[in-house]
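The primary structure of each chain is shown beneath.
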Amino acid sequence: MKSLGNIRRSFTPWADPQSKPYISFKNVTKKFGDFTAVDDLTLNIYHREFFALLGASGCGKSTLLRMLAGFERPTSGEIILDGQDIAGIPPYKRPVNMMFQSYALFPHMTVERNIAFGLRQDGMPKAQISERVAQMLKLVKLEQFAQRKPQQLSGGQRQRVALARSLAKRPKVLLLDEPLGALDKKLREETQFELMDLQQQLGLTFVVVTHDQEEAMTMADRIAVMSHGKVVQVATPAEIYEAPNSRFVADFIGDVNILEGKVKSADNGRVEIASDDFTVRTLSDARQSAGSSAAFAIRPEKLRISRTAPADPSVNASQGEIWDIGYLGDMTVLHVRLPSGKVVKTSMLNAQREVENPIGYDEKVWVSFAETAGVVLRD
Amino acid sequence: MPSWSRFNIASIVLGFAFLYLPIVLLVIFSFNESKLVTVWAGFSTKWYVALFHNQGLLDAAWVTIRVSLISATVATVLGTMAALALVRYTRFRGRLLFSGMVYAPLVMPEVITGLSLLLLFVAIGFDRGFWTLTLAHITFTMCFVAVVVQSRLLSFDRSIEEAALDLGATPLRTFFEVTLPIIAPAVFSGWVLAFTLSLDDLVISSFTTGPGATTLPMKIYSQVRLGVTPEINAVCTILIAFVTIGVVVASVTTKRREVQRQRDEQAAFAGR
């Protein structure tokens, strides 16, 4: 199969002001009684995009997906799909299909009939249905299971039947609600890549809801991080990880150390923040005035640990003491206690099988980082 | 495994004797040669033969079967609809009152149900007979169906129906192609329950029937007042046989399906 790398790398419709969004949420609010599940949310998703809605449970991501499918009606606002306002269209008339978290397979039908269900509703001729079903079974590699009932299948096979069923009608958009939530870790990782390849092959728009950040980072072109019914940040996985726009996103995605302090000086994009253990010299385009409080976020793997002070005096550095060591195989996590008592997390890749004279408990070390290694959070 | 202590054995024997001794006696005496119910005079099936020449009993049996079939079927439709409304539309005004009212006939003394139905039929000038009887049976069996179907619907995964809607099935087609086939066993149990309740009802039938529509329980009751004959024993034995066969068939099929399901699941996980 042809490599999909090039297609993916050049796919950035959101950066082009000329391109029209395929799905648009415009000031959408959804209330359940007194509870506001989705709060005045505006969001654009583009054709052929693999889009992930990421957030903790109760953040409104599933409600957003259910509004796209038609199971919930927005309290106010518009949902535009391919130029058409779909708010009033019932689910059975929408060109959108959904893969459910519980798979929701019809227990009284065989795999084949499950997949054919949507096609039969459309009144497709029999010969065409069986052709399409065969095609779908081949796509998800379940040809020999066509006559089985769902309860005769394993979890992974059921997941693939659900996928085939939701793809059979060739929807404009495929909605996936925690599609891999019920699979074990190994299978989940394999399936993530299968889904990505499938999405590229079929050229469809995928909207996936997940609470698993790794899953979202692996699969999605862009991620919307949600909290309390609002979108906190929409960006590519790399942007979300490397340049979180808020303390919430920095904290939610991956591990992070947050250094609090006061701005000492700020001019021309260069900022100096005085925190307890470091004087953080970094770059920031946010407007910061001297004397205001600021938070600096830095990922564990971007902190360097050494026994001697870094030679370059422009590097941010502080002394500390090894507090905890966790060996994870591919890397080692070191917790370092700084003079102020704050403990920072660092991680080192174990590139070699044996490290001569490894850093041990209670050892005095230097923690340092480059000025571009972290970001100033706008709060 | 608890050991079989003398106390356990005694409990079981006593308990089952209490439950089944009357029935066993009835069955035994239905094969009695003598006309005297309490005196054994040798084995005979002559009362069964006599039974099939007793036109009154046969007519009553035929009425009972027709009433039970019609009322159980209508009650199943109505009861299923009531159960769906109660489970699905949880937020309408007065739901608590409505659900209470559906279940009230379960605990209502039959005499009251019978009497109120009688008053209603008299008030609207409905001639009492086969149809009033059937209506009355629908009324009191419907709530039993509603209870059985409702308990099944409570554990029903709504996303299965949403999946059907999502795939383009209208709500009506979703009901007939997805919901109904899945809850069919519960609907069928509801039907069987309604049928048996209707089959052996005496009190409500007595209130609501009219000339020409005598059910089997009413016939038996009126004959017993003139003295128990072995013929009645024979009728009852046949009824018992019917019920026993029904219960055994139902439980065997349920058990089989359960075993099959477990085997399927094991096979699925073994041969992933």
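Sequence positions are assigned chain by chain, starting from 1 and proceeding in written order. Throughout, the order in which chains and ligands are written sets their labels, letters from A for the former and numbers from 1 for the latter. In keeping with the model being predicted, local features are shown solely for residues with a pLDDT of at least 70 and side-chain atom pairs are shown and tallied solely at 80 or more, while totals for entire chains, interfaces and linings include all residues.

J.: Just to check I follow, could you spell out the overall build of chain B for this structure?
T.: Secondary structure is summarised from DSSP: a helix means a run of H or I of at least four residues, a strand means a run of E of at least two, and numbering begins at the N terminus for each. For chain B, the helix and strand inventory stands at 11 helices and zero strands. Relative to the globule expectation of 19 Å for 272 residues, the C-alpha radius of gyration of chain B, 23 Å, shows a markedly less compact shape. Sequence-distant contacts in chain B: of pairs separated by 6 or more residues, those separated by 24 or more amount to 78%. Only C-alpha atoms enter the radius of gyration; for comparison, a globular chain is expected to reach 2.2 Å times N to the power 0.38, where N is the number of residues. Our contact criterion uses C-beta atoms placed from the backbone: two residues qualify when those atoms are within 7 Å.

J.: Would you take a moment to explain the interface of chain A and chain B for this structure?
T.: Many structure descriptions define interface size as the accessible area lost when the parts assemble. Each partner contributes residues to the interface: chain A has 22 residues there, and chain B has 21 residues. Ranked by residue count, the leading element in the side of chain A that touches chain B is helix α3 (residues 111-121) of chain A, at three residues. Here the residues of the side of chain A that touches chain B are counted per class, giving 11 nonpolar, nine polar and two charged. Only Asp, Glu, Lys and Arg are considered charged, only Ala, Val, Leu, Ile, Met, Phe, Trp, Tyr, Cys and Pro nonpolar, and every remaining residue, Gly among them, polar.

J.: Please clarify how the UniProt feature "domain: ABC transporter" (unreviewed entry) in chain A should be interpreted in this entry.
T.: When the UniProt feature table is mapped onto this chain numbering, "domain: ABC transporter" (unreviewed entry) sits at residues 23-253 of chain A. The span residues 23-253 of chain A is 36% helical and 26% strand by assignment, and the distance between its end C-alpha atoms comes to 25 Å. UniProt positions are given in the numbering used here, feature names are shortened, and annotations may be inferred rather than shown by experiment.

J.: What should I look at first to understand the UniProt feature "transmembrane region" (unreviewed entry) in chain B in this one?
T.: When the UniProt feature table is mapped to this numbering, "transmembrane region" (unreviewed entry) covers residues 7-31, 67-89, 101-124, 130-154, 175-197 and 232-253 of chain B. Taken as a whole, residues 130-154 of chain B contains 100% helix and 0% strand, while its terminal C-alpha atoms sit 36 Å from one another.

J.: Help me understand the sheet that holds strand β6 (residues 96-99) of chain A, please; the structure alone is not making it clear to me.
T.: Two pairing modes exist for strands in a sheet, parallel and antiparallel, and in both the strands are linked by backbone hydrogen bonds. All names here are of chain A. Being paired, for any two strands, means DSSP has found at least two bridges between them. With mixed pairing, six strands are arranged side by side in an open sheet as β6-β7-β8-β3-β9-β10. Each edge of the open sheet carries a strand with a single partner, namely β6 and β10 (230-235). When strand polarity is set aside, the average angle formed by the axes of neighbouring strands in this sheet is 20 degrees. Angles here are taken between N-to-C directions and fall from 0 to 180 degrees, while the axes themselves are lines fitted to C-alpha atoms, restricted in helices to the stretch in contact.

J.: Explanation requested: the domain arrangement of chain A in the structure shown.
T.: Residue and element names in this part refer to chain A. What the domain assignment reports for chain A is domain 1 (5-95 + 171-249) and domain 2 (255-377). Contacts between domain 1 and domain 2 engage four residues on the former and five residues on the latter. In terms of residue class, the side of domain 1 that touches domain 2 is made up of two nonpolar, one polar and one charged. An automatic or database domain assignment supplies the start and end points of every domain.

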